[in-house]
Amino acid sequence: MSHKRMPRRRAALAVGGVAALGAAAFLLPHASASQDAGQDGRTPGGTGTARTLRATDAPGLDARLRKLLGDAFAGSYYDSGRQRLVVNVVSGDDDVVGQAEQAGAVVRRVANSAAELRAATRTLKTRAAVPGTSWAVDPRTDKVLVTADSTVRRLGPGMATLKKSAGTFKTFASGGDAIFSRSQGGGVRCSLGFNVTAADGRPAFLTAGHCGVAAEKWSDTQTGEPTATVDRAVFPGEGDFSLVTYDDPGTRAPSEVDTGDGRTVPVTRAAEATVGQAVFRMGSTTGLHDGRVTGLDATVNFQSETEPGGVDTVTGLIQTDVCAEPGDSGGPLFTQDGGALGLTSGGSGDCTGGGETFFQPVTIALRATGATLGGAGAGDQAGAGEQSGSDAGSASDAGSGSGDEAGAGVGEDPAGGGGDLSSAPSDGSRAGTADDGSPALTGTR
């Protein structure tokens, strides 16, 4: 068993102290989004007409335009209201830009390149890794969006977009289709993400890395004997994921998400997230909830539980406006049609007042572990970083932050309480249609 780091994590991270971003914001490039598309879908000065497309088709178009635009590509996002892909460009041959428009995208000229904005996030990581902060590139504004939770009292001036989150950034492990472990420090509860087949053919599953570093042995019941063992866990650093193998090699684990009330969603492929995409999250504490992707390649600075005043920085995450709570850690982020997107990492707020949550991309976890999506014996599935159909490619180098949040941070529950673990909460349920017009799951914000 190999681990990048093995700190003990038994519950939601403690509330951090007061910290300031100071002058770090000044280091960001001057950021100002320029032209936007007109109401007719044409880019000002352009000749192409944007086409209406489903959210599931946006990543495929994005992947083609990345290659076409090259260094001129500066991020993209899916406009769900108008059902169009918006692509930012900083420069480039007019003929190439015209080809992008003819391909069906809304092309928008902006000031900052993707490379410049990525450099800005690296500067923040070096100079402003303050507990309680996160950042991601926002293709809607062509800026780096810096978010500070309720523990950060002072924010320095500068060119960055700064947003205050009412809650506290924390990993969602409280000691939570629930999985349990009894460690020396007490009980740990998380949620199973997706069943997979390990590189050596053993049946396994993916969950959050901070769950895997908290305990080695896991069970599907709170008082039962361990049935699975951590093979690899990554947290903090470049991800938050664990590969956990079932102890019985004959285990047949279905490739599906249990959404409660006897309903399941078959998981058919690993997919990349798109900014603006409608998504669902399932967790053993709070059940089924839905929302939209608000950012990609996000960096989150969790308050370290093992090092007083320290920071556990995690990079490369998906940012959403979906709520989550302790015990939901490791649970699946997925699409209406069975695309596996991510594993619940952490966030702020709760499912009463709302919040924002970050997810480990599944494609990265599969590539890193060599695993294949789908339980052993479940048939061929996309995995180890492979995608199928229009889900190949990502629709942005990074993304935007969500809107205003409300709600306080969530307390610890190391004993692993939580009521009915199989049914989604009934309050505030929402039903409708998916982006492709098919009947939608019912989730709660």
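Residues numbered from 1 in each chain as written. Predicted model: local features only at pLDDT ≥ 70, side-chain atom pairs only at ≥ 80, totals over all residues. Heavy atoms only, no water.

A. Molecular detail of the overall build of the chain. Helix and strand counts for the chain come out as 5 helices and 27 strands. As presented, the chain carries roughly 16200 Å² of accessible surface, and 48% of it is formed by carbon and sulfur atoms. (Helix = DSSP H or I, 4+ residues; strand = E, 2+ residues; numbered from the N terminus. Areas by Shrake-Rupley, 256 points an atom, 1.4 Å probe, with all protein chains shown as cover.)

B. Quick look at the packing of helix α1 (residues 58–69) against helix α2 (residues 94–102). Running from N to C, α1 and α2 point in directions that differ by 170°, and their axes come no closer than 10 Å. Taken together, the axis directions place α1 and α2 in an arrangement best described as roughly antiparallel. From α1, L65, L68 and L69 reach across to α2, where they touch V96, V97, Q99 and A100. Residue classes in the contact of α1 with α2 are distributed as 6 nonpolar, 1 polar and no charged. (Axes fitted to C-alpha atoms, helices over the stretch in contact; angles between N-to-C directions. Parallel < 35°, antiparallel > 145°, perpendicular 65-115°, else oblique. Contact = heavy atoms within 4.5 Å. Nonpolar A, V, L, I, M, F, W, Y, C, P; charged D, E, K, R; others polar.)

C. How the structure looks around the pattern of salt bridges. The final tally for this structure, using the stated rule, is 8 salt bridges. The residue R54 makes a salt bridge to D57 at a minimum N-O spacing of 3.3 Å. Its relative accessible area of 37% is what places R54 among the partly exposed residues. Under the relative-accessibility criterion, D57 is labelled partly exposed at 24%. In this structure, D328 engages R281 in a salt bridge whose closest nitrogen and oxygen atoms are separated by 3.5 Å. Of this pair, D328 sits in the loop between β21 (311–320) and β22 (332–334) while R281 sits in strand β19 (residues 278–283), placing them 47 residues apart in sequence. Residue classification places D328 among the buried positions, given a relative accessible area of 0%. (Salt bridge = Lys/Arg side-chain N within 4 Å of Asp/Glu carboxyl O. Buried < 20%, exposed > 50% of the residue type's maximum accessible area, 1.4 Å probe, protein only.)

D. Seen up close, the state of the cysteines. By the definition in use, this model includes 2 disulfides. The disulfide bridge from C190 ends at C211, spanning 2.0 Å between sulfur atoms. The sign of the S-S torsion, about -95°, decides the handedness of the disulfide formed by C190 and C211: left-handed. Placement of C190 in strand β10 (residues 186–191) and of C211 in helix α4 (residues 209–212) is noted, with a sequence separation of 21 residues between them. The buried category is assigned to C211, whose relative accessible area is 0%. C323 shares a disulfide with C351; S-S distance 2.1 Å. For the disulfide bridge between C323 and C351, the dihedral angle about the S-S bond is near 100°, and by the sign convention the bridge is right-handed. (Disulfide = S-S within 2.5 Å.)

E. Region of the structure containing the packing of aromatic side chains. All chains considered together, the criterion is met by 3 aromatic pairs. Judged by centre distance (6.3 Å) and plane angle (45°), the rings of F235 and F302 are tilted. One end of the pair, F235, is in the loop between β14 (228–234) and β15 (241–246); the other, F302, is in strand β20 (residues 287–303), and 67 residues separate them in sequence. Here F235 matches F302 in class, with each residue buried. With a centroid separation of 6.1 Å and 25° between ring planes, the pair formed by F280 and F334 is classed as stacked. Note that F280 is positioned in strand β19 and F334 in strand β22, a separation of 54 residues in sequence. (Phe/Tyr/Trp six-rings, centres within 6.5 Å; stacked < 30°, edge-to-face > 60°.)

F. Fine view of the sheet that holds strand β2 (residues 73–79). In space, the 3 strands of this open sheet follow the order β2-β3-β4, with mixed pairing throughout. Since the sheet does not close on itself, it has two edges, and those belong to β2 and β4 (106–109), each with one partner. Adjacent strand axes in the sheet meet at a mean angle of 25° when their direction is disregarded. In terms of strand pairing, β2 meets strand β3 (residues 84–89) through 5 bridges, oriented antiparallel. When the sheet's bridge partners are listed, D79 is paired in β3 with R84. (Pairing = 2+ DSSP bridges.)

G. Spatial organisation of the pairing of β14. Of all 7 residues in β14, 5 are buried; the element is thus mostly enclosed. For strand β13 (residues 217–218) and β14, the ladder comprises 2 bridges, and the chain directions are antiparallel. The residue bridging K217 from the neighbouring strand is T229, located in β14. Pairing of β14 with β15, which is carried by 6 bridges, proceeds in the antiparallel orientation. Counterpart to V230 in the pairing with β15 is V244. Taking the residues between adjacent antiparallel strands as the criterion, β14 and β15 are bridged by 6 residues, where G237 takes a positive phi near 110°.

H. Structural context of the environment of L53. By secondary structure assignment, the location of L53 is in the loop between β1 (2–3) and α1. Counting along the chain gives 25 residues from L53 to Y78, while the straight-line C-alpha distance between them is 9.4 Å. Setting aside anything within four residues of it in sequence, one finds L53 in contact with A58, L61, Y78, Q83, R84 and L85.

I. Focus on the side chain of T245. Mapping T245 onto the fold places it in strand β15. Overall, the relative accessible area of 4% leaves T245 in the buried class.

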